[in-house]
Amino acid sequence: MKTKIVTIGEWNNKALDDIDEAARILREGGLVAFPTETVYGLGADALNADAVAAIYGAKGRPSDNPLIVHVAKVSDCLALTPTLTSSFQILADRFWPGPLTMVVPKKPEVPELTTGGLPTVAIRMPEHPVALELIRRSGCPIAAPSANRSGRPSPTKGDHVVEDLDGRIHMILMSGDCQVGIESTVLDLTGEIPTILRPGILSAGELAEALGTEVAIDPGVLDQTVEKPKAPGMKYTHYAPKAKMVIYQGPKERVHLEMIRIKEEKEKEGQKVGLVAFENQEYREAARTFFAKLRELDLAGVDLILAEALDEQDSIGFAVMNRMLKSAGYRVVDLTKDEETDRRKEQ
Ligand code: TXA
Ligand code: MG
């Protein structure tokens with residue numbers, strides 16, 4: 001398949017024509033990748049089962065892993081879920097458009113394939129002018145997982161989408177780098193206590209404050225040593241660079257010295273080694289750049305990636321570590337214990 005690739009720069013007639021063309025493709029059941037503030041998404045009409053099936057095909061994604069449905073206004077949600085609860089409305093008012101996905105009961109009209117067979121549907125209104133305009137013009141709710149081949153780091157630049165999906169989808173709208181850089185916070189509103197199924201830059205604290213109630217974090221997420229999460233997507237191999245990756249944890253200075261020591265040692269053995277480290281405690285920057293760093297190191301052909309752990313007490317540090325641990329296949333060296341452990345086996 002020939003993929004049409006366009007860059008949306010200035011907001012002019014050409015840009016709107018391109019978005020119109022993309023919207024038409026979506027309406028006709030085609031696949032279009034587009035930017036959001038979190039990561040690039042791979043969109044299809046969420047109510048068209050054949051179009052949704054094509055997403056799984058293009059990504060190579062297991063079909064029990066449900067998709068997030070994107071809307072451009074709150075009233076669009078009524079095509080997906082029977083009623084909007086007060087919690088839903090409070091959070092939509094406060095955080096949409098933005099990096100929050102809410103899981104609610106689904107209407108029968110939403111195809112099983114969109115929700116991976118679940119009786120619930122995940123909904124988000126993204127905060128990116130191109131995404132919003134595209135959804136509006138398409139006239140349909142847009143199912144969109146991250147626009148990467150399944151298992152690869154999520155795409156935060158248009159080039160990442162081209163790398164993974166050129167020739168597999170109808171159109172790619174490119175428009176700069178994603179400013180958040182990690183995927184949205186997924187919040188399950190179907191239980192008694194709202195529960196975070198996937199951490200993002202929007203924290204439990206901020207959600208709890210808006211709701212005036214407790215917000216829980218799913219145990220499968222909170223215990224970052226074990227994978228038994230409720231969001232089905234969390235159980236698959238994820239975000240994996242081609243190189244072997246190891247995370248170093250401990251006092252910052254020691255971590256840096258050790259990473260440099262190992263790098264030199266491995267390079268003497270003829271290996272190519274890449275480092276992922278963060279200058280200070282600016283974790284928004286870490287979130288924004290993490291996936292792009294992995295892809296950069298892959299392109300540079302490194303054999304080994306050494307990464308500095310982030311502080312999991314910080315809510316954004318926690319969210320980035322959630323991705324980093326998966327990328328590294330849970331290989332962590334704790335310098336205070338002087339041992340390499342597989343965090344999954346520590347239980
Ligand atoms: O920021 C984002 O959320 C990006 C952009 C494109 O909006 N999208 C994204 O989609 O990350 P994806 O498909 O890569 O991840 C969706 C996550 C998966 O972990 C999936 O299992 C979970 O959301 N999910 C989707 N629907 C669900 C549902 N009904 N119940 C529980 N988890 C659900
Ligand atoms: Mg994804």
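Along every chain, residues carry numbers that run from 1 in the direction the sequence is written. As they are written, the chains are lettered A onward and the ligands numbered 1 onward, keeping that order. With pLDDT at 70 or above as the cut-off, local features in this predicted model cover only qualifying residues; side-chain atom pairs require 80 or more to be listed or tallied, and sums for whole chains, interfaces and linings still use all residues. The side-chain quantities take in all heavy atoms of the structure and omit both hydrogens and water.

Draft legend 1. Here's a closer look at the pattern of salt bridges. Any carboxyl oxygen of Asp or Glu that lies within 4 Å of a side-chain nitrogen of Lys or Arg is treated as forming a salt bridge with it. Across all of its chains, the model carries 21 salt bridges by this definition. For Glu209, the salt bridge identified is with Arg94, shortest N-O distance 3.4 Å. Taken together, the residues span a long stretch of sequence, with Glu209 in helix α6 (residues 204-211) and Arg94 in helix α3 (residues 86-95) at a distance of 115 residues. In this structure Glu209 comes out as exposed when scored by relative accessible area, which is 57%. Exposure categories follow from relative accessible area, calculated using a 1.4 Å probe and restricted to protein chains: below 20% of the type maximum is buried, above 50% is exposed, and the middle band is partly exposed. Its relative accessible area of 47% is what places Arg94 among the partly exposed residues. As a salt-bridge pair, Lys337 and Asp334 come within 3.8 Å of each other at their nearest N and O atoms. The buried category is assigned to Asp334, whose relative accessible area is 15%. What you see here is one network of salt bridges that share partners, running through Arg152, Glu163, Asp164, Arg295 and Asp298. Put simply, DSSP H or I for four residues or longer makes a helix, DSSP E for two residues or longer makes a strand, and each gets a number counted from the N terminus.

Draft legend 2. A look at the sheet that holds strand β4 (residues 68-70). Strands qualify as paired when DSSP identifies two bridges or more between them. One open sheet holds the 11 strands; their spatial order is β1-β8-β2-β3-β7-β4-β6-β5-β9-β10-β11, and the pairing between them is mixed. On the outer flanks of this sheet lie β1 (4-7) and β11 (216-217), each paired with one strand and no other. Pairing between strand β5 (residues 100-105) and strand β9 (residues 185-188): four bridges, direction parallel. The partner of Val103 across the bridge, within β9, is Asp188. Contact criterion: two residues are considered in contact whenever any of their non-hydrogen atoms come within 4.5 Å of each other. For helices, the fitted line uses only the C-alpha atoms of the stretch in contact; every axis is such a line through C-alpha atoms, and the angle between N-to-C directions lies from 0 to 180 degrees. The sheet contacts of helix α1 (residues 13-27) involve β1, β2 (32-34), β3 (41-45), β7 (142-143) and β8 (171-174), and relative to β8 the element is tilted by about 140 degrees.

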